Amino acid sequence: MKLRPARPEEAGALSALCVRSKAWWGYDATFMALCRESLTVTARMIAAGDVLVAADAEDRPLGVGALGPLDAKGEAELALLFVDPAAMGLGVGRALFHALCGLARSRGARRLGILADPGAAPFYRRLGAIADGEAPSDTIPGRTLPRFYFDFV
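Residues numbered from 1 in each chain as written. Predicted model: local features only at pLDDT ≥ 70, side-chain atom pairs only at ≥ 80, totals over all residues. Heavy atoms only, no water.

Visitor: Just to check I follow, could you spell out helix α1 (residues 11–23) for this structure?
Guide: Every α-helix carries 3.6 residues per turn, so stepping three or four residues along brings you back to the same face. For α1, with 13 residues, the first-to-last C-alpha span of 18 Å sits near the 18 Å given by 1.5 Å per residue. Looking at α1, one finds that the buried residues are A11, L14, S15, L17, C18, V19, S21 and K22. In this structure, the buried side of α1 is in contact with α2 (29–35), α3 (43–47), β2 (51–55), β3 (61–67) and β4 (75–83). (Helix = DSSP H or I, 4+ residues; strand = E, 2+ residues; numbered from the N terminus. Expected span 1.5 Å × (residues − 1). Buried < 20%, exposed > 50% of the residue type's maximum accessible area, 1.4 Å probe, protein only. Contact = heavy atoms within 4.5 Å.)

Visitor: When you look at the packing of aromatic side chains in this model, what are you seeing that I'm missing?
Guide: Both the distance between ring centres and the angle between the ring planes are used here to describe each pair of aromatic rings. Scanning the model with the defined rule gives seven aromatic pairs in all. Ring geometry for F97 versus F150: centroids 5.3 Å apart, planes at 85°, classification edge-to-face. Here F97 is found in helix α4 (residues 92–106), whereas its partner F150 is found in strand β7 (residues 144–151), with 53 residues between them in sequence. On the basis of relative accessibility, which here comes to 16%, the residue F150 falls in the buried class. Cluster of aromatic residues (ring-pair linked, three or more members): F97, F123, Y124, F148, F150 and F152. When the ring centre of F152 is taken as reference, the NZ or CZ atom of R105 above it lies at 5.3 Å. Over the ring of Y149 we find R111, and its NZ or CZ is 3.7 Å from the ring centre. (Phe/Tyr/Trp six-rings, centres within 6.5 Å; stacked < 30°, edge-to-face > 60°. Lys NZ or Arg CZ within 6 Å of the ring centre and 35° of its normal.)

Visitor: How should the pattern of salt bridges be read in this particular structure?
Guide: Oppositely charged side chains may form a pair once their charged atoms are brought near each other. Counted according to the given criterion, the structure contains 14 salt bridges. Linking D84 and R20 is a salt bridge whose minimum nitrogen-to-oxygen distance equals 2.5 Å. One end of the pair, D84, is in the loop between β4 and α4; the other, R20, is in helix α1, with 64 residues separating them in the sequence. Judged by its relative accessible area of 40%, R20 is partly exposed. R60 serves as the salt-bridge partner of D56, at 2.9 Å between the closest nitrogen and oxygen. Three or more residues joined by partner-sharing salt bridges are found here, namely K2, R4, R7, E9, E10 and D59. (Salt bridge = Lys/Arg side-chain N within 4 Å of Asp/Glu carboxyl O.)

Have a look at this one:
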């Protein structure tokens with residue numbers, strides 16, 4: 001497995017990977033339609049250097065992660081972190097998470113904020129993220145999600 005920046009021509013394939021990964025949790029079609037926009041990797045995100053890809057030996061994406069912008073308090077937000085269901089359990093998510101932390105630190109971030117899918121909460125806990133209550137979903141009105149942070153300092 002190698003980690004590399006995403007390429008603009010991959011935006012559609014990476015977005016499809018995010019959808020497959022989210023759907024793995026058993027969400028219905030209505031739910032998936034509501035969150036499709038938040039699962040989209042855009043050319044703008046890629047051009048900004050915010051998207052990393054974990055790829056196999058043939059350079060096929062196994063997972064994708066992205067950072068949001070750094071806020072005034074020195075916190076970056078984990079915008080995306082998805083692993084293709086076929087690659088789950090192989091260390092892809094862990095490798096992407098650590099690479100994204102490195103990218104955030106290189107941009108001056110002191111902390112990474114994480115709004116997690118409930119099914120992914122144990123993964124973030126295993127990586128050392130600290131639970132920080134719940135926050136409103138960024139896509140589903142009325143839904144709350146576990147919130148975590150990961151300090152770099």
